[in-house]
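# Commentary on secondary and tertiary structure
Chain by chain, the residues run as shown.
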Amino acid sequence: MIINQSIRSGFVTVNKTGAYFSLISAVGVVNVRLSEKGRTVLDTKMWVGMSIDKAIPFDEITIKGDDGAVEFWAGDVSMSHAVFANGAAKAIRTNVKYINGESKIVDSDITRTAVRIRSDKDVFIGGAAFFSGGWRVAANQVEEIPVAGILSAYKPAGYLDYNVLDDVGNLDSFWPANSGQSECYVSDDEQKRIIKTTETGVGNLLITVDGGVVWNITLTNVRAYAFDPRTGIHYAYRTSSGNNFAHFLKSSDGINWGDLFIGYLTGMGNLTQSTTLNNIHLVGKHFQYMYFGYIVCCDIETGQVKVKVLNKDSNNMNYGCFIDDDLKVGFFGGSFDSNTLFKTEDGGITWKDVGIRAKYSSFSAASMGKNLFYIDNTSGKPVLSDDFGETWISSSGGGWDITKNIPVNLFGNIWVTHEGGLFKLVNIENELVVSVALGTAGINMNSKNIFFNPKTGRLYTSAVNNNISKSIGVSVYGDITYARVEVMELLS
């Protein structure tokens, strides 16, 4: 922090703990003595602009020199990692990050004077700018950190024990008759349930709030629906008046819906819907929906919509998603070139074959884009990444015959799908992909969707054979839900 003092009678002493010192202004050359627990650790002459070039822990500062004002920096980080403005910031940049474990929240930026942070849960802030340890940010409190360097946030994470199960089995009449096999939601007490009535294409969104006694239509003309477990918000994508008309909505309760974006996607022509099963992703801050050759991305905070062209050598991509908030880095594929999965790092302008052959359009990304999943086209084995697709690890077990369902990320590296009446789970453990069958065999789960509730640890299939579902519970220890961290950067 910057400290303003006055030298009187030739000296000034300040009790301040820190490890770095810089002299900002003074009347001529001064002598600076730094002490720790009564022991002198530095005694040197300094003039304006000088700094100590390495960390020297201290708890007392004594400055000797001509009488007058003196201004200096003393803190746990060096002044070179922070940029300070004497007046108000000239601009601000805001963002929202969802943290479960450790994740970077801001990059280095020399124009930044400070970072203000507010979280709905306790988190710890650290990074290259910190001398040691971290800075605890209590829930719902605003903290300002005056650094220009990289900052990361850490939320202590709980864990799942999938060796301890609550196998409920079949749930008759859990969904309305003829409701389809599509995206779904189930509340903690199972009284509120939401399901989309068509597997692909446009359908209705049905809701019950009394455990299935009465079902009502909460939205019509719904092309895609998703529930965000990070925030507890429901999202929907509607179309009408032609496929190039987009309507994104959100709701806190699944009943009352508000507009995120509504309007025509100009210049895109009449978009043709992708018919792959996995054409919906909610990753980072974007709700993404695939078309043949395009992807429509809606910012879930601001409602801003961007449409990206996705084709390679005149071949249209029809599944995949972006895994970064800037919509630059993503993995996509199509019905061409032997199910090759391609990676773009410039928003779809150029492509590279990353050596992946993904079966049944099975590529999926978890909500923060770090954890990825696909089924190998040759072996049928699950393949996972926990580093944004930089490296991939294949299962040592047998192949999975999943032709009609979508894998769901439970937490961290843990993914679940279903096959042969069983839930199937994979996880990265000790740099190996471990495959586990959960529960006892029951109905043939031919639905495409699974819903997971991170608070209760319950898994549900969407409608199977009209209105039958299946449920199983894994044991949850601690808090495996996300912290919502609001970040405001003050720019000079």
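Residues numbered from 1 in each chain as written. Predicted model: local features only at pLDDT ≥ 70, side-chain atom pairs only at ≥ 80, totals over all residues. Heavy atoms only, no water.

If you tally the helices and strands in the protein, you get zero helices and 44 strands. With the C-alpha coordinates of the protein rotated into their principal frame, the extents come out at 90 × 55 × 45 Å. Relative to its full complement of 492 residues, the protein shows a buried share of 53%. Counting only contacts in the protein whose residues sit at least 6 apart along the sequence, the fraction spanning at least 24 positions is 54%. Summed over all atoms, the accessible surface of the protein reaches about 20900 Å², with 47% contributed by carbon and sulfur. (Helix = DSSP H or I, 4+ residues; strand = E, 2+ residues; numbered from the N terminus. Buried < 20%, exposed > 50% of the residue type's maximum accessible area, 1.4 Å probe, protein only. Contact = heavy atoms within 4.5 Å. Areas by Shrake-Rupley, 256 points an atom, 1.4 Å probe, with all protein chains shown as cover.)

With respect to the helices and strands, the residue arginine 112 is situated in strand β10 (residues 112-119). What makes arginine 112 buried here is its relative accessible area of 0%. Spatially, the C-alpha atom of arginine 112 lies 43 Å from that of arginine 458, the residues being 346 residues apart in sequence. A distance of 3.1 Å separates a polar atom in the side chain of arginine 112 from the backbone oxygen of valine 147. (Polar contact = N/O pair within 3.5 Å; in protein donor to acceptor, adjacent residues only side chain to side chain.)

This part is about the sheet that holds strand β36 (residues 393-394). The strand order across the open sheet built from four strands is β33-β34-β35-β36, with neighbouring strands paired in antiparallel fashion. A single partner strand is all that each edge strand has here, and the edge strands are β33 (364-365) and β36. In terms of strand pairing, strand β35 (residues 382-385) meets β36 through two bridges, oriented antiparallel. Within the sheet, the bridge partner assigned to valine 383 lies in β36 and is serine 394. (Pairing = 2+ DSSP bridges.)

Here the focus is the state of the cysteines. Going through the model one piece at a time under the given rule, you end up with zero disulfides. Counting only cysteine sulfurs, cysteine 297 is the nearest neighbor of cysteine 298, a cysteine outside any disulfide, at a range of 9.1 Å. The class for cysteine 298 is buried, based on a relative accessible area of 0%. (Disulfide = S-S within 2.5 Å.)

A full pass over the atoms with the stated rule returns three cavities of 30 Å³ or more. In this structure, the largest cavity is lined by 36 residues; those nearest its centre are Phe227, Pro229, Val408, Asn409 and Ile450. Within the residue set of the lining of the largest cavity, elements represented by two or more residues are β19 (216-228), β23 (280-283), β33, β37 (408-411) and β41 (450-453). Its residues assigned to classes, the lining of the largest cavity comprises 23 nonpolar, 10 polar and three charged. (1 Å grid on protein atoms, 1.4 Å probe; cavity = no way out; pocket = protein on both sides within 12 Å on 5 of 7 lines; lining within 4 Å. Points joined across faces, edges and corners; volume = space filled by probe spheres on them. Nonpolar A, V, L, I, M, F, W, Y, C, P; charged D, E, K, R; others polar.)

Bringing the layout of surface pockets into the picture now. Reported here for the largest pocket is a volume of approximately 1200 Å³. As for the largest pocket, its lining consists of 44 residues, and the residues nearest its centre are Lys97, Ser103, Lys104, Met368 and Phe388. Looking at the lining of the largest pocket, the elements that each hand over two or more residues are β8 (91-99), β9 (101-106), β37 and β44 (483-491). A breakdown of the residues in the lining of the largest pocket according to their chemical character gives 14 nonpolar, 14 polar and 16 charged.

The antiparallel open sheet is built from four strands, whose spatial order is β37-β38-β39-β40. Edge strands, defined here as strands with exactly one partner in the open sheet, are β37 and β40 (432-438). Neighbour-to-neighbour, the strand axes of the sheet open up by a mean angle of 30°, direction not taken into account. (Axes fitted to C-alpha atoms, helices over the stretch in contact; angles between N-to-C directions.)

In this section: the packing of aromatic side chains. One pass over the full model with this rule turns up 20 aromatic pairs. Here phenylalanine 174 and tryptophan 175 contribute two aromatic rings whose centre-to-centre distance is 5.2 Å and whose plane-to-plane angle is 85°, an arrangement assigned as edge-to-face. An angle of 70° between the planes, with centres 5.3 Å apart, marks the rings of tyrosine 185 and phenylalanine 451 as edge-to-face. Residue tyrosine 185 is located in strand β16 (residues 184-186), and its partner phenylalanine 451 is located in strand β41; the two are separated by 266 residues in the primary sequence. Put simply, the rings of Tyr235, Tyr237, Phe248, Phe287, Tyr289 and Tyr291 pair up and form one aromatic cluster. Between arginine 193 and the ring centre of phenylalanine 174, over which it is positioned, the NZ or CZ distance is 3.8 Å. Over the aromatic face of tyrosine 98 sits the side chain of arginine 230, whose NZ or CZ is 4.4 Å from the ring centroid. (Phe/Tyr/Trp six-rings, centres within 6.5 Å; stacked < 30°, edge-to-face > 60°. Lys NZ or Arg CZ within 6 Å of the ring centre and 35° of its normal.)

For a regular strand, side-chain orientation follows a simple rule: the groups alternate between the two sheet faces. One ladder, built from six bridges, connects strand β2 (residues 11-18) with strand β6 (residues 58-64); its direction is antiparallel. Pairing of valine 14 across the sheet is with isoleucine 61, part of β6. Taken together, the five bridges between strand β4 (residues 30-36) and β6 define a ladder with antiparallel strand orientation. Following the sheet pairing, asparagine 31 is matched in β6 by lysine 64.

So, on to unusual backbone geometry. A negative phi angle is the norm for most residues apart from glycine, just as the trans form is the norm for most peptide bonds. We note that lysine 37 has phi near 55°; this positive angle belongs to a residue other than glycine. If you trace the backbone, lysine 37 turns up in the loop between β4 and β5 (39-46). Even without being glycine, glutamate 190 reaches a positive phi, approximately 70°.

Together, Tyr159, Val164 and Tyr477 line one region of the surface with nonpolar side chains, adding up to about 290 Å² of accessible area. Mapping valine 164 onto the fold places it in strand β15 (residues 159-171). Judged by relative accessible area, valine 164 falls into the partly exposed class, the value being 40%. (Patch = residues over 30% accessible without salt bridge, like charges linked within 9 Å, V, L, I, M, F, W, Y side chains within 5 Å. Salt bridge = Lys/Arg side-chain N within 4 Å of Asp/Glu carboxyl O.)

Glancing now at the confidence of the model for the protein. Of all residues in the protein, 93% attain a pLDDT of 70 or more, and the chain-wide mean is 85. Mean pLDDT across the elements of the protein bottoms out in β40 (78) and peaks in β6 (95). (pLDDT = per-residue confidence, 0-100.)

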